[in-house]
Amino acid sequence: MNRYDDTSSTPAAADAAADRLVGASADGEDQAVEAALRPKSLDEFVGQERVREQLDLVLKAALARGATADHVLLSGAPGLGKTTLSMIIAAEMGAPIRITSGPAIQHAGDLAAILSSLQEGEVLFLDEIHRMSRPAEEMLYMAMEDFRVDVIVGKGPGATAIPLELPPFTLVGATTRAGLLPPPLRDRFGFTAHMEFYAPAELERVIHRSAQLLDVEIEADGAAEIAGRSRGTPRIANRLLRRVRDYAQVKADGLITRDIAATALKVYEVDGRGLDRLDRAVLEALLKLFGGGPVGLSTLAVAVGEERETVEEVAEPFLVREGLLARTPRGRVATPAAWAHLGLVPPQAGGPGRGQQGLFGA
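**What to know about the packing of helix α9 (residues 220-227) against helix α11 (residues 258-267)**
When two helices pack together, their arrangement is given by the angle between their axes and by how far apart the axes lie. Viewed as axis vectors pointing N to C, α9 and α11 meet at an angle of 30 degrees, and their least axial separation amounts to 7 Å. With respect to α11, the element α9 is oriented roughly parallel. In this structure, α9 uses D221, G222, A224, E225 and I226 to contact α11, whose residues at the interface are R258, A261, A262 and L265. Class assignment of the residues belonging to the contact of α9 with α11 gives a composition of 5 nonpolar, 1 polar and 3 charged.

Now the structure itself:
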């Protein structure tokens, strides 16, 4: 299971991901809606059963001791509920929460200012913690372990380190790329959890709950249809639900059935497996132009008319996770499932049209 789905690192890829209906990143509209739909307690939180059970024990034990909870590290793809869980941790502990992100902390002084203003027991949520600057990261080591930071005053030989005591707090770090965190930072978290993609049945529960909060009438088969196209991600499920709601209100009587959901998502170019226009363009180029591969990434990107980074970082992770495309040393290769999904017949092994060599008769 690929944990880097939609974690675009280049501007071109980030822009492409932000424009996708099935992208896992959240824009301003998504963030506003998510705030209204977020569960407020672990009992309301749907899915992630193992993480919920373990986290419930950690929080209840801390409350029983009258202590702050251990530092928590949440990893996983975007849209799976890391921010929501951080807010639930604060709510369960009866503590305020401070929210910031790794890219916003570029200097140790930025982190020192945040830490020094924390209240006792407060929860500090640090999103994209793997993107924090190295000086701030090293300051965080001491803050997490000893609840103390050294503030450097002055420069050169006359610089002086002034120790600053911090009140006990709980750091909740979230990352889409746990492998980029240095071991000394990972080791300072008392509880770590990896968020898995959701099963369709879990997404159906998410959709029914969101529909109730949005005052949308939806049948069970309509929720199942949306869940099957949501890429295992609640954020995408809620976004598709809102688009299907719009269609149902304009083109039907407002009730979401399986047929209404399927027709609406066809209008928005999201197929039965959750593939959108970009995903299908990549597969069609790979199958129809290059006989299923292998083909180089740059060549495939040119054929699709997209940047190389967009194909690699935005389209490929989901296609690989769905078993429709494989990355090999020789290039990208389509799987039998890709041929079946597009209703095409694969060429005979070694026959013409099989890869670039077959194309040029080599």
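**What about unusual backbone geometry?**
Look at Q48: it is not a glycine, yet its phi comes out positive at around 50 degrees. Phi is positive for E269, close to 60 degrees, though the residue is something other than glycine. Judged by relative accessible area, which is 41%, E269 ranks as partly exposed.

**Examining the pattern of salt bridges**
Under the definition given, this model contains 17 salt bridges. R229 is paired through a salt bridge with E225; the nearest N and O atoms lie 2.5 Å apart. With respect to class, R229 is no different from E225; both count as buried. A salt bridge links R258 to E225; its shortest N-O distance comes to 2.9 Å. Linking R258 in helix α11 with E225 in helix α9, this pair joins segments that are 33 residues apart in sequence. The network of salt bridges with common partners includes E225, R229 and R258.

**As for the nonpolar core**
If you look at the biggest cluster of nonpolar residues, it comprises 51 residues, and the most contacted ones within it are L55, L85, I207, I218, I226 and I256. In terms of residue count, the dominant contributor to this core is helix α10 (residues 234-251) (7 residues). Once residues lying within four places of it in the same chain are set aside, the contact partners of I226 are I207, I218, A237, L240, L241, V244, I256, A261 and L265.

**Remarks on the confidence of the model for the chain**
Residues with a pLDDT of 70 or more make up 86% of the chain, whose mean pLDDT is 83. The model gives residues 351-362 a pLDDT under 50, and that stretch makes 25 contacts with residues more than four places away or in other chains.

**Focus: the sheet that holds strand β7 (residues 191-194)**
Strands in a sheet are paired, the pairing made by backbone hydrogen bonds, and the direction either parallel or antiparallel. The strand order across the open sheet formed by 5 strands is β2-β3-β6-β1-β7, and the pairing between neighbours is parallel. Each having just a single partner strand, β2 (97-101) and β7 make up the two edges of the open sheet. Neighbour-to-neighbour, the strand axes of the sheet open up by a mean angle of 15 degrees, direction not taken into account. Relative to strand β3 (residues 123-127), β2 is paired through 5 bridges, and the arrangement is parallel. Following the sheet pairing, I97 is matched in β3 by V123. Docked against the sheet, helix α3 (residues 49-65) engages β1 (72-75) and β7, running at close to 165 degrees with respect to β7.

**Brief notes about the side chain of H71**
Considering the arrangement of structural elements, one finds H71 in the loop between α3 and β1. Taking the relative accessible area as the measure of exposure, H71 reaches 7% and is therefore buried. Among the polar contacts made by the side chain of H71, one reaches the main-chain amide nitrogen of L171 at a distance of 2.9 Å. Residues contacting H71, with those up to four places away along its chain left out, are M144, F147, F169, T170, L171, R188, F189, G190 and F191.

Rules of the game
- Residues numbered from 1 in each chain as written.
- Predicted model: local features only at pLDDT ≥ 70, side-chain atom pairs only at ≥ 80, totals over all residues.
- Heavy atoms only, no water.
- Axes fitted to C-alpha atoms, helices over the stretch in contact; angles between N-to-C directions.
- Helix = DSSP H or I, 4+ residues; strand = E, 2+ residues; numbered from the N terminus.
- Parallel < 35°, antiparallel > 145°, perpendicular 65-115°, else oblique.
- Contact = heavy atoms within 4.5 Å.
- Nonpolar A, V, L, I, M, F, W, Y, C, P; charged D, E, K, R; others polar.
- Buried < 20%, exposed > 50% of the residue type's maximum accessible area, 1.4 Å probe, protein only.
- Salt bridge = Lys/Arg side-chain N within 4 Å of Asp/Glu carboxyl O.
- Core = buried A, V, L, I, M, F, W, Y, C linked by side-chain atoms within 4.5 Å.
- pLDDT = per-residue confidence, 0-100.
- Pairing = 2+ DSSP bridges.
- Polar contact = N/O pair within 3.5 Å; in protein donor to acceptor, adjacent residues only side chain to side chain.

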